[in-house]
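Report on the structure
So the chains spell out like this:
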Amino acid sequence: MSTTETLVRKAFLPFALADIDDTEVAEVTSVIRSGWLTSGSKTGRFEAEFAAFVGAGHAVAVNSCTAAMHLALEASGLRAGDEVIVPTYTFAATAEVVRYFGAKPVLVDVDSTSLCIDPVRVEAAVTPRTRAIIPVHLGGRCAEMDELRVIAERHDLCVIEDAAHAFPAKYKGRTVGTLSDFTCFSFYATKTLTTGEGGMICTENGLLADRCRVMCLHGISRDAWKRYTAEGTWYYEVIAPGFKYNLTDIASAMGLAQLHKANRMHERRVQIAGRYTAAFRALPELEPPPEAPADGQHAWHLYILRLNLDRLSINRARFIEELRRLNIGTSVHFIPLHLHPYYRKTYGYEPEDLPVAYREYQREISLPVYSKMTDDDVQDVIDAVTDVVARNRR
Ligand SMILES: Cc1ncc(COP(=O)(O)O)c(C=O)c1O
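In this report, we go over the structure that sits alongside the text.

Reading guide: rules and limits
Residues numbered from 1 in each chain as written. Predicted model: local features only at pLDDT ≥ 70, side-chain atom pairs only at ≥ 80, totals over all residues. Heavy atoms only, no water. Helix = DSSP H or I, 4+ residues; strand = E, 2+ residues; numbered from the N terminus. Contact = heavy atoms within 4.5 Å. Pairing = 2+ DSSP bridges. Axes fitted to C-alpha atoms, helices over the stretch in contact; angles between N-to-C directions. Buried < 20%, exposed > 50% of the residue type's maximum accessible area, 1.4 Å probe, protein only. Lys, Arg positive; Asp, Glu negative; His and termini not counted. Salt bridge = Lys/Arg side-chain N within 4 Å of Asp/Glu carboxyl O.

Comments concerning the environment of L148
Note on placement: L148 falls in helix 7 (residues 145–155). Each C-alpha atom, one on L148 and one on N263, is 28 Å from the other, the two residues being 115 residues apart in sequence. With sequence-adjacent residues up to four places away left out, L148 is seen in contact with I117, P119, V122, I133, P135 and A143.

A short note on the sheet that holds strand 8 (residues 182–186)
Overall, mixed pairing links the 7 strands, which are arranged 1-9-8-5-4-2-3 in an open sheet. Looking at which strands have only one partner, the edges of the open sheet turn out to be strand 1 (58–62) and strand 3 (104–108). Across the sheet, the mean angle from the axis of one strand to that of its neighbour is 25 degrees, orientation sign disregarded. Summarising the sheet, strand 1 and strand 9 (residues 199–203) pair through 5 bridges and their orientation is antiparallel. The residue of strand 9 that forms the bridge with A59 is C202.

Comments concerning the sheet that holds strand 12 (residues 364–367)
If you walk across this open sheet you meet the 3 strands as 10-11-12, and the pairing is antiparallel. Both edges of this open sheet fall to strand 10 (286–287) and strand 12, since each of them pairs with a single strand only. Two elements, strand 10 and strand 11 (residues 303–307), share 2 bridges in a ladder whose sense is antiparallel. Bridging across to strand 11, L286 finds its partner in L307. Strands in contact with helix 11 (residues 262–280) are strand 10, strand 11 and strand 12; relative to strand 11, the strand with the most contacts, it is inclined by about 15 degrees.

Details of the side chain of K191
Within the secondary structure, K191 is located in the loop between strand 8 and strand 9. Here K191 is buried and forms no salt bridge, its nearest opposite-charge partner D162 lying at an N-O distance of 7.8 Å.

Looking at the pattern of salt bridges
Throughout the structure, instances matching the rule amount to 31 salt bridges. For K172, the salt bridge identified is with D146, shortest N-O distance 3.0 Å. Here the residue K172 occupies a position in the loop between strand 6 (170–171) and strand 7 (174–175), and D146 occupies one in helix 7, the gap between them amounting to 26 residues. Residue classification places K172 among the partly exposed residues on the basis of a relative accessible area of 41%. Between R149 and E153 there is a salt bridge, with its nearest N and O atoms 3.6 Å apart. You can see R149 and its partner E153 sitting in helix 7, 4 residues apart, about one turn around the helix. The class for E153 is exposed, based on a relative accessible area of 58%. One salt-bridge network, in which partners are shared between bridges, spans D19, D21, E24, K261 and R264.

Next comes the structure, spelled out in structure tokens:
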């Protein structure tokens, strides 16, 4: 019988760790050696291969998902005073990009099972000023895109998916990246495909892609690569006050190497999530996250475990602390936006205004789920969680 002491791991298991090997190192090194460091042929190739992977018409590489969402909103024509519907259960970026325009993020509650934006509440939040919806595929499981599309069509709204967690994911057999006006991916260090920092905008609309491309590099009509190579010229025109959001070739080289092993990394996360759920399903103190429907695909960026607090004698904070003492790193996704001081002060939100998000947030823990984890790492997490439950049953 293992005791709590024997369960303590020798080394701390981080919550997230990038799956980097010699291929990424070699690819990045070769870009550095080439002397061409910023957006160039590698970035072009990364865009083309990423678009092919998800089946999107166009892909524009940028330096974050935040930048991707900013550019998508810009291309959609958002203006000051407009409203954009955003789930409260998300990261800061999803709503802050709306504020960049002096527009208003209208925070909406989530479905209690999926923790994704609730279409019924979206419909109720639409006003004559609403211009867009930004659904978030929380943890890598898709929001109800068909229902959201019907609402968007009825009210002539743009749909911009925050797919920061959703590579590679599928909704009703269709790949995320092909479903809406814009899909914005993140390649942040903890994400399922990483370039350290980075992002991608996918769209089927060539004109909108061109607008994002221009605005991601100062509103300049020709990109730097074309300007400085033999096929380019010195001449350029600024057609709008753009931004500096381009992705470097260094980052793109890493992205290409990651893309080439994306399926393997995904399969490993599926296995880990499956082992967790098989173990935790048996414990009434725990509620494992829902799988994707049979015709969908969960990206498993996050494994969001919920605690049935009425069956436990400790709260979520203590649960996290107990796991930390066993050398297991965890996180919480997310502190709903309407609980944060900025949104409370600016829009007067109270915690109970969006009760589902408030309730679910208080009982959620995100467990490590990344392809670098060994079978022993996975077992350590299962043993640690099981031990904390066993010692703290009510
Ligand atoms: C749901 C969600 N949206 C957007 C972002 C922002 O991504 P990035 O850091 O690439 O800007 C994150 C980052 O963690 C996120 O979790």
